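# Structure at a glance
Chain by chain, the residues:
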Amino acid sequence: MVHEIILHNFASSPFSEKVRLVLGIKGLSWRWSEIPSMLPKPDLTPMTGGYRKTPVMQIGADIFCDSQLIIRELERRFPATSVTPHGQGLPYGLGFWTDRVLFMATVTLIFGEIGHMVPEDFKKDREAMSGGAFSVDAMKRATPAMRDQWRAHAGFIAEQLSDHRSFLEGGKPTLADINCYMNFWFIKNAVPQTAANLLKEFPLIEAWCGRVKAIGHGLHTSIDSKEALRIAKEATPDAKRADDPFDPQGLKPGDNVKVGADDYGKDQIAGEIVFGNAHEIAILRSDPSVGDVVVHFPRAGFTVTPS
Ligand SMILES: N[C@@H](CCC(=O)N[C@@H](CS)C(=O)NCC(=O)O)C(=O)O
């Protein structure tokens, strides 16, 4: 049975914007399941086993965590409109620069400016997720240095566009555009005047942002998160058992493991290995509200611990 793509996300989430644009490039129809931007997420965590970050993609009883793996899975299922036409590997590596180094500079600039307006419960949620203080003062103090860094990193992107190409890798948008753009989308939405000031130096980035924005999000209709749970419960996971002869820890299908992100939101998700490889690990788990589901994670940026 072919199941619909369900994206569990919320409108202001920059990592979701990456996936929404990939869905746009691929011209796909999909369902938008709205999830809260902080815990509790009662219709999401039973499905993921405790993974709480945004976005999560569901296709039947297969659950894909992290934008890196969601995009990889969309590429696998819908290869015709590829977002990696110039080679499949490096755009994912680029994501570690855009999603961590550039993103942290972007976050500091945003919350150094508007952090004092953030509700207390949101701050507490993010402190629990990151294991550190949500200190607006510290972000304000870091802002001048981060503004320098942000400019330097944005400068790489401006340089790439300096021959007046339409997109970072040529005439068509690719994952390189999506990974980079997320940071500009976030800062433009959150602190538009600051973004406009920062981008005065980089008119080619402004123009490129307009072209990426114009891609849109494909065609989506909303779905209630309870309905998504019901779909997971009625479906059978697609993932098939497969050996991983090169697993560095010698892990095999059937082994019990815990999987978690290595940066923030490190919740450890328990399950039994279905398959693993250099890019992905899929684990089987059950919950009364969804039955058996297979939860998929990227390998890069995640730890896998035998349990
Ligand atoms: N590496 C993750 C990062 C995702 C992430 O940090 N998302 C933010 C929202 S854009 C988040 O999870 N915030 C906390 C939450 O939504 O509960 C990915 O690429 O999907």
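Residues numbered from 1 in each chain as written. Predicted model: local features only at pLDDT ≥ 70, side-chain atom pairs only at ≥ 80, totals over all residues. Heavy atoms only, no water.

### Considerations on the overall build of the protein
Put simply, the rule reads: Labels follow the DSSP assignment, with helices taken as runs of H or I lasting at least four residues and strands as runs of E lasting at least two, numbered in each case from the N terminus. Atoms counted for the radius of gyration: C-alpha only. Globule rule: 2.2 Å times residue count to the power 0.38. Burial classification: accessible surface area is computed with a 1.4 Å probe over protein chains only, and a residue below 20% of its type maximum counts as buried, one above 50% as exposed, and the rest as partly exposed. Residue contacts are defined here by distance: any two heavy atoms, one from each residue, within 4.5 Å place the two residues in contact. What sets the accessible areas is the Shrake-Rupley method with a 1.4 Å probe; for residues, cover comes only from the shown protein chains.
When you go through the protein residue by residue, the secondary structure sums to 10 helices and 10 strands. Taking 19 Å as the expected radius of gyration for a compact globule of 307 residues, we find that the protein reaches 19 Å, a close match to that expectation. Judged by the C-alpha coordinates and their principal axes, the protein covers about 55 × 45 × 40 Å. Split into buried and exposed, the 307 residues of the protein put 53% on the buried side. Once local pairs closer than 6 in sequence are excluded, the contacts in the protein between residues at least 24 apart make up 68%. On the protein, roughly 13900 Å² of surface is accessible, and the fraction owed to carbon and sulfur atoms is 57%.

### With respect to the packing of helix 7 (residues 175-190) against helix 8 (residues 192-199)
Stated formally: Here, axes are lines fitted to C-alpha atoms. For helices the fit covers the stretch in contact, and angles between N-to-C directions go from 0 to 180 degrees. Oblique is the label for every angle not falling under 35 degrees (roughly parallel), over 145 degrees (roughly antiparallel), or within 65 to 115 degrees (roughly perpendicular). All residues other than Ala, Val, Leu, Ile, Met, Phe, Trp, Tyr, Cys, Pro, Asp, Glu, Lys and Arg, Gly among them, are scored as polar; the first ten of these are nonpolar and the last four charged.
The geometry of helix 7 relative to helix 8 is characterised by a closest axis approach of 5 Å and an angle of 130° between their N-to-C directions. By the angle between their directions, the pair helix 7 and helix 8 is classed as oblique. Within the contact between the two elements, helix 7 uses Phe184, Ile187, Lys188, Asn189 and Ala190 and helix 8 uses Pro192, Ala195, Leu198 and Leu199. Looking at the contact of helix 7 with helix 8 residue by residue, the classes come out as 7 nonpolar, 1 polar and 1 charged.

### A short note on the domain arrangement of the protein
Basically, it comes down to this: These domain limits were set by an automatic method or by a database of domain assignments. Accessible area that two parts lose when put together, with a 1.4 Å probe and added across both, is what the buried area reports. We define a salt bridge as a contact between a side-chain nitrogen of Lys or Arg and a carboxyl oxygen of Asp or Glu at a distance within 4 Å. Distance and chemistry together define a polar contact, namely a pair of N or O atoms within 3.5 Å, with one atom able to donate a hydrogen and the other to accept it when in protein, and with adjacent residues in sequence counting only for side-chain atoms on both sides.
Domains assigned within the protein are domain 1 (5-82 + 220-306) and domain 2 (90-213). On a C-alpha basis, the centroid separation for the pair domain 1 and domain 2 is 25 Å. If you look at the interface, domain 1 gives 26 residues, while domain 2 gives 21 residues. Taking both sides of the interface into account, the surface hidden between domain 1 and domain 2 amounts to around 2100 Å²; carbon and sulfur atoms contribute 68%. Summed over the shared surface of domain 1 and domain 2, the result is 4 salt bridges. Here domain 1 is connected to domain 2 by 7 residue pairs in polar contact (both at pLDDT 80 or more). Put simply, the parts of the chain that give the side of domain 1 that touches domain 2 at least two residues each are helix 1 (14-25) and helix 3 (67-77).

### Examining the site of the ligand
Definition in use: We call a residue near a molecule or strand whenever a single non-hydrogen atom of that residue lies within 4 Å of it.
Surrounding the ligand, one finds 15 residues, the nearest of these being Lys41, Thr54, Asp66, Ser67 and Tyr264. Take Lys41: an N or O atom from its side chain is 2.5 Å from an oxygen atom of the ligand. The contact in question runs from an oxygen atom of the ligand to an N or O atom on the side chain of Ser67, over 2.6 Å. Taken by itself the ligand offers 500 Å² of open surface, and the protein chains cover 93% of this. Listed by contribution, the elements that provide at least two residues to the shell around the ligand are helix 1 and helix 5 (120-130). Split into classes, the residues belonging to the shell around the ligand amount to 6 nonpolar, 4 polar and 5 charged.

### As for the pattern of salt bridges
By the definition in use, this model includes 23 salt bridges. The salt bridge partner of Arg100 is Asp262, with a shortest N-O separation of 3.1 Å. On the criterion of sequence distance, the pair formed by Arg100 in helix 4 (residues 90-114) and Asp262 in the loop between strand 6 (256-261) and strand 7 (269-276) is long-range, its members being 162 residues apart. Classification of Arg100 by relative accessible area gives partly exposed; the value is 28%.

### Observations regarding the sheet that holds strand 7
We count it as follows: DSSP calls a pair of strands paired once it identifies at least 2 bridges connecting them.
Spatially, 10 strands are ordered 5-2-1-3-4-9-8-7-6-10 in an open sheet, and the strand pairing comes out mixed. The open sheet terminates on both sides in strands that have one partner only, identified here as strand 5 (219-222) and strand 10 (302-306). Each strand axis lies, on average, 35° off the axis of its neighbour in the sheet, ignoring direction. Relative to strand 4 (residues 62-65), strand 3 (residues 56-59) runs antiparallel, the two sharing 4 bridges. Among the inter-strand pairings, Met57 is bridged to a residue of strand 4, identified as Phe64. Packing of helix 1 onto the sheet brings it into contact with strand 1 (5-9) and strand 2 (29-34), and relative to strand 1 it is tilted by some 155°.

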